[in-house]
Amino acid sequence: MGRIRKHTQTQALFFDFRFEGDRCREYTTLKDTAANRKRLEKVLVKIEEEISLGAFNYRRFFPGSKNAARFDQSVPDVAVTPV
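Residues numbered from 1 in each chain as written. Predicted model: local features only at pLDDT ≥ 70, side-chain atom pairs only at ≥ 80, totals over all residues. Heavy atoms only, no water.

Asks: Where do I start with the overall build of the protein in this structure?
Replies: Scanning the protein for helices and strands turns up three helices and three strands. Starting at the N terminus, the α and β elements of the protein follow one another as β-β-β-α-α-α. Counting over 83 residues, the protein shows a buried share of 31%. Partitioning the contacts of the protein with sequence separation of at least 6, the portion at a separation of at least 24 is 37%. In the structure as shown, the protein presents an accessible area of about 6,000 Å², 53% of it carried by carbon and sulfur atoms. (Helix = DSSP H or I, 4+ residues; strand = E, 2+ residues; numbered from the N terminus. Buried < 20%, exposed > 50% of the residue type's maximum accessible area, 1.4 Å probe, protein only. Contact = heavy atoms within 4.5 Å. Areas by Shrake-Rupley, 256 points an atom, 1.4 Å probe, with all protein chains shown as cover.)

Structure (structure tokens):
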């Protein structure tokens, strides 16, 4: 289960979750407010749902992340083949 945490130096919020056995931390520039936490919690719920379904695409949620390239091979193949 992931968490929304606060960076001790910048006071900005970040995602802290596991994907494919690796701990992933993705930082934001959002300050620690109730509204920002609620916003990020909604995103985290969506991330965890997609991970549990096997449909999580790291690059779609975090396009500028250095971690995205590491997980590009994990992108689920959902292309529909004609019948």
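Asks: Any chance you could explain the pairing of strand S3 (residues 22–31) here in plain terms?
Replies: Both faces of the sheet carry side chains from a regular strand, because those side chains alternate between them. The sheet contact formed by strand S2 (residues 12–19) and S3 spans seven bridges and is antiparallel. From the neighbouring strand, Phe17 faces S3, where its bridge partner is Cys24. Once S2 ends, the chain turns through two residues before running back antiparallel as S3, passing Glu20 with a positive phi of about 55°. (Pairing = 2+ DSSP bridges.)

Asks: Would you mind showing me how to read the side chain of Asp16 here?
Replies: Along the chain, Asp16 turns up in strand S2. Judged by relative accessible area, which is 10%, Asp16 ranks as buried. Of the polar contacts made by the side chain of Asp16, one reaches the side chain of Arg5; its length is 2.9 Å. Within polar-contact distance, the side chain of Asp16 engages the side chain of Arg23 at 2.7 Å. Setting aside its immediate chain neighbours within four residues, Asp16 contacts Gly2, Arg3, Arg5, Arg23, Cys24 and Arg25. (Polar contact = N/O pair within 3.5 Å; in protein donor to acceptor, adjacent residues only side chain to side chain.)

Asks: Teacher, can you tell me more about the sheet that holds strand S1 (residues 3–6) here?
Replies: To summarise the sheet geometry, strands pair through backbone hydrogen bonds and adopt either a parallel or an antiparallel arrangement. Pairing is antiparallel in the open sheet, where three strands are placed in the order S1-S2-S3. What marks the edges here is a single partner per strand, and that holds for S1 and S3. With strand direction ignored, the average angle separating the axes of adjacent strands in the sheet is 30°. Contacting S1, S2 and S3, helix H1 (residues 34–53) crosses the sheet at an angle of about 15° to S2. (Axes fitted to C-alpha atoms, helices over the stretch in contact; angles between N-to-C directions.)

Asks: Quick question: what am I supposed to make of the environment of Lys46 here?
Replies: Among the structural elements, Lys46 can be located in helix H1. Distance from Lys46 to Phe61, taken between C-alpha atoms, is 9.8 Å for residues 15 residues apart in sequence.

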